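Chain and residue survey
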Amino acid sequence: MTGVNEIRAKFLEFFERNGHTIVPSSPLVPRNDPTLMFANSGMVQFKNVFVGAETRDYVRATTAQKCVRAGGKHNDLDNVGYTARHHTFFEMLGNFSFGDYFKERAIELAWTLITKDYGLDAKRLLVTVYSEDDQAHALWKKIAGLPDSRIIRIPTSDNFWRMGDTGPCGPCSEIFFDHGDKIAGGPPGSTDQDGDRFIEIWNLVFMQYEERGPKSDGTTDRVDLPKPSIDTGMGLERVAAVLQGEHDNYEIDLFKALIAASVDLLGVPAEGSARASHRVIADHLRASSFLIADGVLPSNEGRGYVVRRIMRRAMRHLQLLGAKEPSMYRLVPVLTREMGQAYPELIRAQSMITETLQLEETRFRKTLERGLGLLDEASGKLTKGATLAGDVAFKLYDTYGFPLDLTQDALRAREISVDTDGFATAMAAQKAEARKAWKGTGEAATEAVWFDLKDKHGATEFLGYDTEIAEGEVRALVKDGKPVTSLQSGDEAALVLNQTPFYAESGGQVGDQGMIRTVGGRFAVSDTVKRLGDLWVHLGTVTSGTIKAGEAAELTVDHSRRTATRANHSATHLLHEALRQVLGEHVAQKGSLVDPARLRFDFSHTKPVSPAELAAVETMANALVLQNDEVTTRLMDLDAARATGAMALFGEKYGDEVRVVAMGQKVRSQIPSSSKGSDSSSAGPVRAWSVELCGGTHVRRTGDIGLVRVLSDSGVAAGVRRLEALTGEGARRHLAEQDERVRAVAAALKVAPAEIVPRVEALMEELKRLERELSDARKQLALGGGVAPGSGEAAASGMAEINGIRFLGRIVKGVEAKDLKSLADQAKTQLGSGVAVFIAVSDDGKGAIVAGVTDDLAKRISAVDLVKAGAAAMGGKGGGGRADMAQAGGPDGANAEVALAAARALLG
């Protein structure tokens, strides 16, 4: 027997020997086709190569492509488990030629691989060709030696492939395997072709035309492609069944291993009614695990809703088989063992897959228990063939969280259907009421356009955790607050798409910028914001051409800006924990701003952070950067996340499920696990350096931050401090600038950089000495030095005798306001008995006045009255001090002479 892994490897090796480049599978979420929910064929990742929008460094490729068909037009979900060949997840083996070889070589390679390398009996093979493709018919006869009876011409679109209404297209040729007359069914093209005897295993698409148009009359033209190409697809599960002598895909070695694991886990043989349940579990385990590994996490919208449906359908069958506790996650190690070598992303994401499945099943079992009880009550009187009312099914969904598909699945065994039209009517009525209430009055009414758009198009799916480049479909254009169908160059507007890699501003992280390109125009995104919680709005300007609603668009995030922002965001997490370590556990985030240039982090603390403490925080954060530890993200239940010590961000609102971002050297927690078994998830949660609830984008490893440089600490409110810092290139430039300043200072001081500090300290001491000497000299000059009152010199120097009182009044220059009191004290000593008034005018034109009165006169004359009079003349109010010494000031120092005269007047 040839196992699935050997079949896959042999396929890739065969085409590699024949000049093909082995290209890894693309993610399940298409980055280059916004019309697809999931990759559903091998050619999806090569779409732009086929249409000429992209070139690669190879012209031949081969892949084993992960595919999912469980949403949109390709939805096999309800059939999975009950048929032999329906799957939600499957692998498509393919070989591709981009303008290199064509039909003859493609047919030759296919026939050689199947009949020689795989060793299938040529007598049990037949092929189909498009009825008008005489060339393919002749080549099959020439290369394979097949008779006309086993080369069947098909006149329908089944054998003519199209990428769309226009674009590349061409005939195709399918290879079928005959399972023998013991199984009912006829060959393709016959009246009983829907039987299971003849099974298609490989489709060869000959991409040789381009459909152009449509023209004014609605028709199109078909022209030859200058470089015809090849696109093939072989279902791995189907060919494995053929090579292993099975008719049923679920009997191949891969599914036998997965089903055996669920049988062993549950103790229920895969027989009778349990057979389908085990198959559902095995298939859905694959789909769920691969989707989670590719970043699709369960939610209530878009792809997240599809993966939730897949997971919960399997979990419902686990419950039907008697599982009393969450069990699906226990099967992940078996899947990883079977497929991890071919798809290492399963191994990398195993803990994430395990935790997500365990969380989802824990929550689902609560919903299921409650919902089934309510459903039994609502449907108890219904008999076989009856229909459950749509409004009842909607109440189960809306009030109790019991999804429609689960209601249908639960009633299926009793052959009771659900009025889905009635369900849709009830859903529409609820939306109409919510919309009516929301529009109401006030500022919210001005945002009605976003409510209308969300109601029409649904939420935006964010792809930006895993990519910065993707394709989307332009769902709506908004200009001047109103929806429009097109935009012209120069228009400032907002774009809404079905999916986007652009991060919308939230949690302190700024929105992304970048470029949106359509076939007709370019739109420069200046900011990305959220409306109504999950509607991404791209703000910007049409820089060229025309943008139209409904067009496909290539979305490119500004990589350097996103990279810098990610580094700053991750650094805030490291700094948060470092502050807690240095200052104490009372530290909690009170807000943040993360942009490409720097980060700002507000936190609770009652006093300034000392330079030594800031240095310790910076050193600690950089030690974590140097660890270069992986930054991990997990989806967790909010309560479970908090139980592990994950910190929430200030002001953020969280749903039942949260993203938990962990980084830094891990230390195994001592929290015991209540889970049974020996798989990795039962060893207890892992405690990292920093564990926070966060929906932002982060670096892959802490080393990607590069460097953390703390700039400052300042107070922003009572008990709240603000730390500002730089990372990466910004931090490097800052340090380089600082270094340059140090070198410039050293050159000016004519010392080595290491000698700057002692040299500056010496200069500062010298400066202080000189300033003291200068101050003393100015004071002596201000005092005038012992001039007798009444003399000519005294009058010139401000000395006078008024009503028998000696008065010294001067406007002084070069004396600081703070030195006026000591000057007045010295003047009082010099006078012996008298009054001294000094006014100093600062560089900015303000005046300061000080009055000193000797003790023998203080009861007759108040220094406070003197300065008040002087201050009033300079535009000031009041004055303070004692009767023997007082001071005041005013904004208008130009009136210093008037102020001095006003003080003198009080003595006369």
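Notes on the structure in this doc start here. (Residues numbered from 1 in each chain as written. Predicted model: local features only at pLDDT ≥ 70, side-chain atom pairs only at ≥ 80, totals over all residues. Heavy atoms only, no water.)

**Topic: the pattern of salt bridges**
Here is the rule: What makes a salt bridge here is a side-chain nitrogen of Lys or Arg within 4 Å of a carboxyl oxygen of Asp or Glu, nothing more. Here a strand is any run of E in DSSP of at least two residues, a helix any run of H or I of at least four, and the numbering for each starts at the N terminus. Only protein chains enter the area calculation, which uses a 1.4 Å probe; residues under 20% of their type maximum are buried, those over 50% are exposed, and those in between are partly exposed.
For the coordinates displayed, the defined rule picks out 44 salt bridges. Of the charged contacts in the structure, one is a salt bridge between Asp534 and Lys454, with a shortest N-O distance of 2.6 Å. Linking Asp534 in the loop between β21 (521-531) and β22 (535-548) with Lys454 in helix α15 (residues 448-457), this pair joins segments that are 80 residues apart in sequence. Residue Asp739 is joined to Arg743 by a salt bridge in which the shortest nitrogen-to-oxygen separation is 2.9 Å. You can see Asp739 and its partner Arg743 sitting in helix α19 (residues 728-749), 4 residues apart, about one turn around the helix. For Asp739, a relative accessible area of 36% puts it in the partly exposed group. Given the relative accessible area of 48%, Arg743 is considered partly exposed.

**Points about helix α5 (residues 236-243)**
Of all 8 residues that make up α5, 7 are buried, and the element is covered over most of its length. Those residues of α5 lying buried are Leu236, Glu237, Val239, Ala240, Ala241, Val242 and Leu243.

**Digging into the nonpolar core**
Note the cut-off: In this text, buried Ala, Val, Leu, Ile, Met, Phe, Trp, Tyr and Cys residues form a nonpolar core when linked through side-chain atoms within 4.5 Å. The contact rule is simple, with two residues in contact once any of their heavy atoms fall within 4.5 Å.
By size, the foremost hydrophobic cluster in this structure holds 111 residues, and its most contacted members are Phe11, Tyr118, Trp140, Ile175, Trp202 and Leu357. In this structure, Trp202 is in contact with Phe11, Phe15, Asn95, Ala110, Leu113, Ile114, Ser173, Glu174, Ile175, Thr232, Gly233 and Met234, ignoring residues within four places of it in sequence. By size, the runner-up hydrophobic cluster in this structure holds 28 residues, among which are Phe603, Leu614, Ile705 and Ala725.

**Brief notes about the packing of helix α6 (residues 253-266) against helix α9 (residues 332-339)**
The line we're drawing: Fitting a line to C-alpha atoms yields each axis, with helices limited to the stretch in contact; the angle taken between N-to-C directions then spans 0 to 180 degrees. Every angle not falling under 35 degrees, over 145, or within 65 to 115 is termed oblique; those three ranges are roughly parallel, roughly antiparallel and roughly perpendicular. Left-handed is the label given to a crossing in which the near helix is rotated counterclockwise from the far helix by less than a right angle, and right-handed is the label when the rotation is clockwise. Residue polarity follows a fixed list, in which Ala, Val, Leu, Ile, Met, Phe, Trp, Tyr, Cys and Pro are nonpolar, Asp, Glu, Lys and Arg are charged, and the others, Gly among them, are polar.
At a minimum axis separation of 10 Å, α6 and α9 run at an interaxial angle of 165°. It follows that α6 is roughly antiparallel to α9 by the angle criterion. Judged by the twist between their axes, the crossing of α6 over α9 is right-handed. Side by side, α6 and α9 meet where Leu254, Ala257, Leu258 and Ala261 of the first sit next to Val334, Leu335, Glu338 and Met339 of the second. Its residues assigned to classes, the contact of α6 with α9 shows 7 nonpolar, no polar and 1 charged.

**What about the packing of aromatic side chains?**
The test is simple: Note on ring pairs: Phe, Tyr and Trp rings are taken, using the six-membered ring of Trp, and paired if centres are within 6.5 Å. Classes follow the plane angle, with under 30 degrees stacked, over 60 edge-to-face and the rest tilted.
In total, this model carries 23 aromatic pairs according to the counting rule given. With 5.3 Å between their ring centres and 90° between their planes, Phe290 and Tyr343 make a pair best called edge-to-face. Here Phe290, found in helix α7 (residues 273-293), pairs with Tyr343, found in the loop between α9 and α10 (345-348); they are 53 residues apart in sequence, far enough to count as distant. The same class applies to Phe290 and to Tyr343, which are both buried.

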